[in-house]
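One-letter residues, chain by chain:
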Amino acid sequence: YHAPNIAPLLKDRMLLHSRPAGPQEYARAMQELQGEHQYNFMLIEDGAGHQPYHSESPVKPFGEACELDRYDNTLLDIDRRLCAIIDTMRDKEALLFFTSDHGESFGENDRWGHGGPRYALEQRHVCAFIWYSDLYAQKHPEVIAALRQNAPAFTSHDHVYHTIISLCGIKSEVQIPQQDMTNPQLTDEPLK
């Protein structure tokens, strides 16, 4: 929640939680999410998908022969953490917004790593999804309907800010409703 522009809007309206240290801490922190605030917000910045790739799991189905194998094992670890987070929130009124900051190049057009040219699609097209609990869907059917309607639309990191503050029930003069994924009038045009 240290991202500019989001923290000032959130800090007076909800209980904020910073990044826990690992999967067990994620689960423990989420179990403690309660209090007098209507909303709780937790931002988890997990650097597991960055070099050097390291899987905490003793089982490494892809082996460790090359960098791509280690990366794939790391992705399985991230999946395991996300499953643990979802299991913790399954019975709560909860929504999880997951995205990556960038992708990786593994030899495409002789590129490796990230931070390369802007035209490197493998670095720009990233995994993102929104998961919500059944209780959240029951209480917010209009949000779920808009998310489903907008699922096939092109979205970018431009949409993250506007969607998060909307999901947290915040109105701001800097919010662009057409960049909010919970808005049925979403536009898939990038911000200028």
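In case you missed it, the structure is sitting above this.
Residues numbered from 1 in each chain as written. Predicted model: local features only at pLDDT ≥ 70, side-chain atom pairs only at ≥ 80, totals over all residues. Heavy atoms only, no water.

### Notes on the overall build of the protein
Then comes step 1: Helix and strand counts for the protein come out as seven helices and six strands.
Then comes step 2: Ordered by position from the N terminus, the helices and strands of the protein form the series α-β-α-β-α-β-β-β-α-β-α-α-α.
Then comes step 3: Counting every position in the protein, which comprises 192 residues, the buried fraction comes to 37%.
Then comes step 4: The long-range share in the protein, meaning contacts at least 24 apart out of those at least 6 apart in sequence, stands at 54%. (Helix = DSSP H or I, 4+ residues; strand = E, 2+ residues; numbered from the N terminus. Buried < 20%, exposed > 50% of the residue type's maximum accessible area, 1.4 Å probe, protein only. Contact = heavy atoms within 4.5 Å.)

### Quick notes on the side chain of N183
Then comes step 1: With respect to the helices and strands, the residue N183 is situated in the segment after α7 (158-167).
Then comes step 2: Each residue touching N183, except ones within four places of it in the same chain, is listed here: A146, N150, P177 and Q178.

### Here's the deal with unusual backbone geometry
Then comes step 1: Backbone geometry at N109 places phi at a positive 50 degrees, although glycine is not the residue there.
Then comes step 2: Here N109 shows up in the loop between β4 (105-106) and β5 (112-113).
Then comes step 3: For D110, which is not a glycine, the phi torsion comes out positive at approximately 60 degrees.
Then comes step 4: The residue D110 is located in the loop between β4 and β5 in this model.
Then comes step 5: Taking the relative accessible area as the measure of exposure, D110 reaches 74% and is therefore exposed.

### Some words on the packing of aromatic side chains
Then comes step 1: Counted under the stated rule, the structure contains five aromatic pairs.
Then comes step 2: Arranged with centres 5.2 Å apart and planes meeting at 25 degrees, the rings of F98 and F129 form a pair that is stacked. Here F129 lies in strand β6 (residues 128-132) and F98 lies in strand β3 (residues 95-99), a separation of 31 residues in the sequence.
Then comes step 3: Seen in terms of ring centroids, F106 and W112 are 6.4 Å apart; in terms of plane orientation they differ by 85 degrees. Their pairing is edge-to-face.
Then comes step 4: Feature note: the residues Y53, Y71, F106 and W112 constitute an aromatic cluster, connected by ring pairs. (Phe/Tyr/Trp six-rings, centres within 6.5 Å; stacked < 30°, edge-to-face > 60°.)

### Some points on helix α3 (residues 67-89)
Then comes step 1: Taking 1.5 Å per residue, 23 residues should reach 33 Å; α3 reaches 33 Å between its end C-alpha atoms and fits that length.
Then comes step 2: Of the residues making up α3, those classed as buried are D69, Y71, N73, T74, D77, I78, R81, L82, I85, I86, T88 and M89. (Expected span 1.5 Å × (residues − 1).)

### Comments concerning the environment of P52
Then comes step 1: Relative to the helices and strands, P52 is located in the loop between β2 (39-42) and α3.
Then comes step 2: Given a relative accessible area of 69%, P52 falls into the exposed group.
Then comes step 3: Through-space distance from the C-alpha of P52 to that of T74 is 10.0 Å; in sequence the pair is 22 residues apart.

### Quick notes on the pattern of salt bridges
Then comes step 1: Applying the stated criterion across every chain yields a total of five salt bridges.
Then comes step 2: D87 is the salt-bridge partner of R90, the closest N and O atoms lying 3.0 Å from each other.
Then comes step 3: Judged by its relative accessible area of 43%, R90 is partly exposed.
Then comes step 4: Between E122 and R111 there is a salt bridge, with its nearest N and O atoms 3.1 Å apart. Of the two residues, E122 is situated in helix α4 (residues 121-124) and R111 in the loop between β4 and β5; the sequence distance between them amounts to 11 residues.
Then comes step 5: On the accessibility criterion, R111 (11% relative accessible area) is buried. (Salt bridge = Lys/Arg side-chain N within 4 Å of Asp/Glu carboxyl O.)

### A closer look at the nonpolar core
One broad trend across soluble globular proteins is that nonpolar side chains are buried collectively.
Then comes step 1: Listed in full, the nine residues of the largest apolar core are A48, I78, L82, I85, I86, M89, A94, L96 and W131.
Then comes step 2: Looking at which element gives the most residues to this core, the answer is α3, with five residues.
Then comes step 3: Beyond its immediate stretch of four places on either side in the chain, A94 contacts M89, W131, Y132, S133 and Y136.
Then comes step 4: Core analysis: the next-biggest nonpolar cluster, separate from the first, contains seven residues, V143, L147, L167 and M181 among them. (Core = buried A, V, L, I, M, F, W, Y, C linked by side-chain atoms within 4.5 Å.)

### Remarks on the environment of H102
Then comes step 1: Along the chain, the position of H102 falls in the loop between β3 and β4.
Then comes step 2: Each C-alpha atom of the pair H102 and Q123 lies 5.4 Å from the other, and the pair is 21 residues apart in sequence.
Then comes step 3: Aside from chain neighbours lying at most four places away, what touches H102 is H50, H114, Q123 and V126.
Then comes step 4: In terms of polar contacts, H102 uses its side chain to reach the side chain of H114, at 3.4 Å. (Polar contact = N/O pair within 3.5 Å; in protein donor to acceptor, adjacent residues only side chain to side chain.)

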